[in-house]
Amino acid sequence: MKQPKADWMPATLAAQAMGSVDATTRAIIPPIHPATTFQRDSDNQYRSGWSYTRYDNPTYQAAEELMTRLEGGADSMIFSSGMAAAVCTFTGLKPGDHVIVPQLMYWALRNWLTGPALDWGLEVTLVDMTDLAAVDAALQPNKTKLVWIETPANPLWRITDIAAVAKLAHEAGARVAVDSTCATPVLSRPIEHGADLVMHSATKYLNGHSDVLAGSLTTARCDGFWEKLKNLRPQIGGVPGPFEAWLLQRGMRTLFLRVRQASQSAAQIAAHFAEHPAIAEVLYPGLPDHPDHAIARRQMQGGFGGMLSLRLAGSSAEGGMKAAVDCAARVKLWKRATSLGGVESLIEHRASIEGPQSPVPRDLLRLSVGIEDPDDLIADLEAALV
Ligand SMILES: *Cc1c(COP(=O)(O)O)cnc(C)c1O
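Quick caveat, the model's predicted, so the values are computed rather than measured. (Residues numbered from 1 in each chain as written. Predicted model: local features only at pLDDT ≥ 70, side-chain atom pairs only at ≥ 80, totals over all residues. Heavy atoms only, no water.)

Asker: Could you give me a rundown of the pairing of strand S1 (residues 75–79), with the residues and numbers involved?
Answerer: Burial analysis of S1 places five of its five residues in the buried class, which makes it a mostly covered element. Neither face of S1 is open: one carries Asp-75, Met-77 and Phe-79, the other Ser-76 and Ile-78, and all of them are buried. As judged from the five bridges shared by S1 and strand S7 (residues 215–219), these two strands associate in the antiparallel manner. Paired with Phe-79 across the two strands is Gly-215, which belongs to S7. (Buried < 20%, exposed > 50% of the residue type's maximum accessible area, 1.4 Å probe, protein only. Helix = DSSP H or I, 4+ residues; strand = E, 2+ residues; numbered from the N terminus. Pairing = 2+ DSSP bridges.)

Quick look at the structure:
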């Protein structure tokens, strides 16, 4: 692919899919290569660099090179899902290695880390990642190999100070990986704050249309650990199909517009419901009284994201839960569905989905704000709250 101008701004690189023009046809849109296999040279070599799609496919390049530029990293890989990217990272470690992960984080990954990861041989400590003293106390020099951060973190949208955690982790010889799915490279670039790896569920904002399952990893440097992960992806077969990879780069062309609109609308919705009598608390890092607002202002630029949660008022915990479930049942515009980061707004009562073991408050509704007119979104919630 033709090299893009080094000084183009991230939004320009995204809008133009790196500005590439196909060398043979002059097509301004990157091609799809559906081939699973590529012809060998007469001496059985693969001088084109491509052999079999489980190893790599040229269609992946457009999305991977863009992710590397947007995150300010050295290299990126896309995966079949966010979970494939995350599990690949953890299985790049060795049995007996210790990892520190947040108590409150994306549910499916917490389930893997507190189940199969232990059978596999990892030692896992869950900490409150916003409590630096707790992180420091959990670090075991030379044994802790990875600290996993999710920020803003599901579903209370607490913000972790990436630079502060990275300093502690690096002093103890551990890497730092950040699940930056909800921040997106539009609002936060973890590598600039000291992260070694950035992971995304590309299913969410990066693709943005709720029609592709994909994940990504970006590394700050091409070291031995990254080489190991590059070998692991084909070994576990965690690659996307070429069509998904193509749709992902297509979705990323509008990433900046979508994330800015979602952030603006989420801020408007958060401010609107902050003093609402039916709402006990609005959880949104953009609100001045959010416990991590100061860190969020330092670490995020141009907005605080499209995710927020509402805790519903009730005379008891039971009352708050009933109010939340009833509200989700009554909305008409918001869609009752899991996932996030699409152009359409979603609402979910997380506690009933996660079950009795879940640490999520029962009176909480998680909102993923899309790009609809925010006045329609507010009116629909208002009508559902009575
Ligand atoms: C959805 C999600 C994941 C998992 O990604 P999949 O693409 O569903 O595998 C991981 N982290 C966060 C924050 C997510 O929202």
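Asker: Which residues make up the side chain of Asn-207, and what are the values?
Answerer: Considering the arrangement of structural elements, one finds Asn-207 in the loop between strand S6 (197–201) and S7. With residues near it in sequence (within four places) discarded, Asn-207 still touches Ala-202, Val-212, Leu-247, Leu-248, Gly-251 and Arg-258. (Contact = heavy atoms within 4.5 Å.)

Asker: If you had to explain the site of the ligand to someone new, which residues and values would you point to?
Answerer: Met-83, Asp-179, Ser-201, Thr-203 and Lys-204 are the nearest of the 14 residues found near the ligand. At 2.6 Å, a side-chain N or O of Asp-179 approaches a nitrogen atom of the ligand. Separating an oxygen atom of the ligand from a side-chain N or O atom of Thr-203 is a distance of 2.6 Å. Protein contacts shield 93% of the accessible area of the ligand, which totals 380 Å² for the unbound molecule. Going through the elements one at a time, helix H3 (82–91) and S6 are the ones with two or more residues in the shell around the ligand. In terms of residue class, the shell around the ligand is made up of five nonpolar, six polar and three charged. (Near = heavy atom within 4 Å. Polar contact = N/O pair within 3.5 Å; in protein donor to acceptor, adjacent residues only side chain to side chain. Areas by Shrake-Rupley, 256 points an atom, 1.4 Å probe, with all protein chains shown as cover. Nonpolar A, V, L, I, M, F, W, Y, C, P; charged D, E, K, R; others polar.)

Asker: Describe the nonpolar core, and please don't skip the residues or the numbers.
Answerer: In this structure, Ile-269, Phe-273, Val-282, Leu-308, Leu-310, Trp-334 and Leu-381 are the most contacted members of the largest nonpolar core, which totals 62 residues. For this core, the element with the most residues is helix H11 (residues 255–273), which contributes seven residues. Both of domain 1 (10–252) and domain 2 (255–384) provide at least three residues apiece to this core. When residues no more than four places from it in sequence are discounted, the contact partners of Phe-273 are Ile-279, Val-282, Leu-310, Ile-378, Leu-381, Glu-382 and Leu-385. Within the second largest apolar cluster, 28 residues are counted, among which are Met-77, Val-87, Phe-90 and Leu-197. (Core = buried A, V, L, I, M, F, W, Y, C linked by side-chain atoms within 4.5 Å. Domains from an automatic or database assignment.)

Asker: Tell me about the pattern of salt bridges, and please be specific about residues and values.
Answerer: Scanning all chains against the criterion turns up 20 salt bridges. Residue Asp-43 is joined to Arg-47 by a salt bridge in which the shortest nitrogen-to-oxygen separation is 2.5 Å. With relative accessibility at 58%, the residue Arg-47 sits in the exposed group. Between Asp-223 and Arg-175 there is a salt bridge, with the nearest N and O atoms lying 3.3 Å from each other. Note that Asp-223 is positioned in the loop between S7 and helix H9 (224–236) and Arg-175 in strand S5 (residues 175–179), a separation of 48 residues in sequence. It is possible to trace a salt-bridge network through shared partners that takes in Arg-110, Glu-348, Arg-350, Glu-354 and Arg-366. (Salt bridge = Lys/Arg side-chain N within 4 Å of Asp/Glu carboxyl O.)

Asker: Lay out helix H10 (residues 242–252) in plain terms, naming residues and giving numbers.
Answerer: By the burial criterion, the buried members of H10 are Pro-242, Ala-245, Trp-246, Leu-248, Gln-249, Gly-251 and Met-252. Its buried side turned inward, H10 meets helix H1 (10–15), helix H2 (60–71), S1 and H11.

Asker: Explain the packing of aromatic side chains residue by residue, including any values.
Answerer: Scanning all chains against the criterion turns up three aromatic pairs. Taking 6.0 Å as the distance between ring centres and 45° as the angle between the ring planes, the aromatic pair formed by Phe-90 and Trp-112 counts as tilted. Of this pair, Phe-90 sits in helix H3 while Trp-112 sits in helix H4 (residues 107–113), and the two are 22 residues apart along the sequence. In textbook terms, an aromatic cluster arises when at least three aromatic residues are bridged by ring pairs, as seen for Phe-90, Trp-112 and Trp-148. (Phe/Tyr/Trp six-rings, centres within 6.5 Å; stacked < 30°, edge-to-face > 60°.)

Asker: Would you mind going over the domain arrangement of the protein chain in detail, with residue names and values included?
Answerer: Along its sequence, the protein chain is carved into domain 1 (10–252) and domain 2 (255–384). Each of domain 1 and domain 2 was reduced to a C-alpha centroid, and the two centroids are 26 Å apart. Counting residues at the interface gives 38 residues for domain 1, matched by 39 residues for domain 2. Of the roughly 3,200 Å² buried at the junction of domain 1 and domain 2 (both faces included), carbon and sulfur atoms supply 63%. Our count for the contact surface shared by domain 1 and domain 2 stands at three salt bridges. For the side of domain 1 that touches domain 2, the secondary-structure elements that each account for two or more residues are H1, H4, helix H7 (162–171), helix H8 (184–187) and H10. The element that contributes the greatest number of residues to the side of domain 1 that touches domain 2 is H8, accounting for four residues. By residue class, the composition of the side of domain 1 that touches domain 2 is 21 nonpolar, 13 polar and four charged. (Buried area = accessible area lost by both parts, 1.4 Å probe.)

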